[in-house]
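Residue-level listing of the chains:
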Amino acid sequence: FSLDIPANINLTLTANIGELSFKKFTGSKIKGSLILKDKKLFAKDLNFESCGGTANISGSINTTEKDNIVTQAFGSFDKIDVSALFMAFENFSQNTLEDKHLKGRVNASIAYAASFDSHLKMKMNTLYVNSPLEIQNGELINFKPLEGLAKFIQVEELRHIKFSTLTNTVEIKDESVIMPKMI
């Protein structure tokens, strides 16, 4: 895939889209404002349903530099199926914590920024995420890194962990995931 927003198109659009799919992501009942100008796309108050929940996002995509597509977004998510979210976004280009390891519903706000090359491959060193979140009725299934706790708890107990509510802030920067607290 590649993305090139033409420089000669200036457009302001109020969108009402029934369904939109890109790779494994599908969104429906999409409403909001889109602005195309100077090789940039701006989205304002984009509301949609996806992954069993709802989202509201504002953000931008800047394609002025062909091999450095800069994206940023701010938004909120309500009752999103966390496993479906990881699947829709291809496990966020990582293979440590994957859709097969997770179950539950997430409510979150998010601040996001990242750059991509001309083939829409994320430049992982540019990824920044800050997201206070709450996962309800969650499960962590066969997550291998937890087996390191086996000296304190039997491995069988670590293979399928269930919890009613987990609250945390996840930050991703400098190619590291930071989770300072779990409540």
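For the structure, check the block above.
These numbers come from a predicted model, not from an experiment.

A. Region of interest: the side chain of Glu171. In this fold, Glu171 is placed in strand E8 (residues 160-173). Despite its burial, Glu171 remains without a salt bridge, the nearest opposite charge being carried by Lys173 at 4.1 Å. Within polar-contact distance, the side chain of Glu171 engages the side chain of Tyr128 at 3.1 Å.

B. Region of interest: the environment of Ser83. Relative to the elements of secondary structure, Ser83 occurs in helix H1 (residues 82-88). In the structure, Ser83 is positioned 22 residues away from Arg105 in sequence and 8.6 Å away in space, judged by C-alpha atoms. Discounting chain neighbours no more than four positions away, the residues touching Ser83 are Asp99 and Leu102.

C. Structural detail: a nonpolar patch on the surface. Together, Ile9, Leu11 and Leu13 line one region of the surface with nonpolar side chains, adding up to about 220 Å² of accessible area. The residue Leu11 is located in strand E1 (residues 11-22) in this model.

D. Fine view of the pairing of strand E2 (residues 25-37). Relative to E2, E1 runs antiparallel, the two sharing 11 bridges. Within the sheet, the bridge partner assigned to Leu13 lies in E2 and is Leu34.

Here is what the cut-offs are and how they apply
Chains are numbered independently. Their residues run from 1 in the order of the written sequence. Local features in this predicted model are restricted to residues whose pLDDT is 70 or higher, and side-chain atom pairs enter the listing and the counts only when it is 80 or higher, whereas totals over whole chains, interfaces and linings include all residues. The basis for the side-chain values is all heavy atoms of the structure; hydrogens and waters are excluded. Secondary structure is summarised from DSSP: a helix means a run of H or I of at least four residues, a strand means a run of E of at least two, and numbering begins at the N terminus for each. Exposure categories follow from relative accessible area, calculated using a 1.4 Å probe and restricted to protein chains: below 20% of the type maximum is buried, above 50% is exposed, and the middle band is partly exposed. Counted as positive: Lys and Arg. Counted as negative: Asp and Glu. His and the chain ends are not counted at all. Whenever a carboxyl oxygen of Asp or Glu lies within 4 Å of a side-chain nitrogen of Lys or Arg, that contact is scored as a salt bridge. Each polar contact in these results corresponds to two N or O atoms within 3.5 Å; when the atoms are within protein, one needs to be able to donate a hydrogen and the other to accept it, and residues that are neighboring in sequence are counted only if both atoms are side-chain atoms. Contacts between residues were defined by any pair of non-hydrogen atoms, one from each residue, lying within 4.5 Å. The patches described consist of residues with a relative accessible area above 30% and no salt bridge, like charges being joined within 9 Å and nonpolar side chains (Val, Leu, Ile, Met, Phe, Trp, Tyr) within 5 Å. Here the Shrake-Rupley method, with its probe set to 1.4 Å, supplies the accessible areas, and only the displayed protein chains count as covering residues. Here a strand pair is declared whenever DSSP counts at least two bridges between the two strands.

That is the geometry; function is a separate question.
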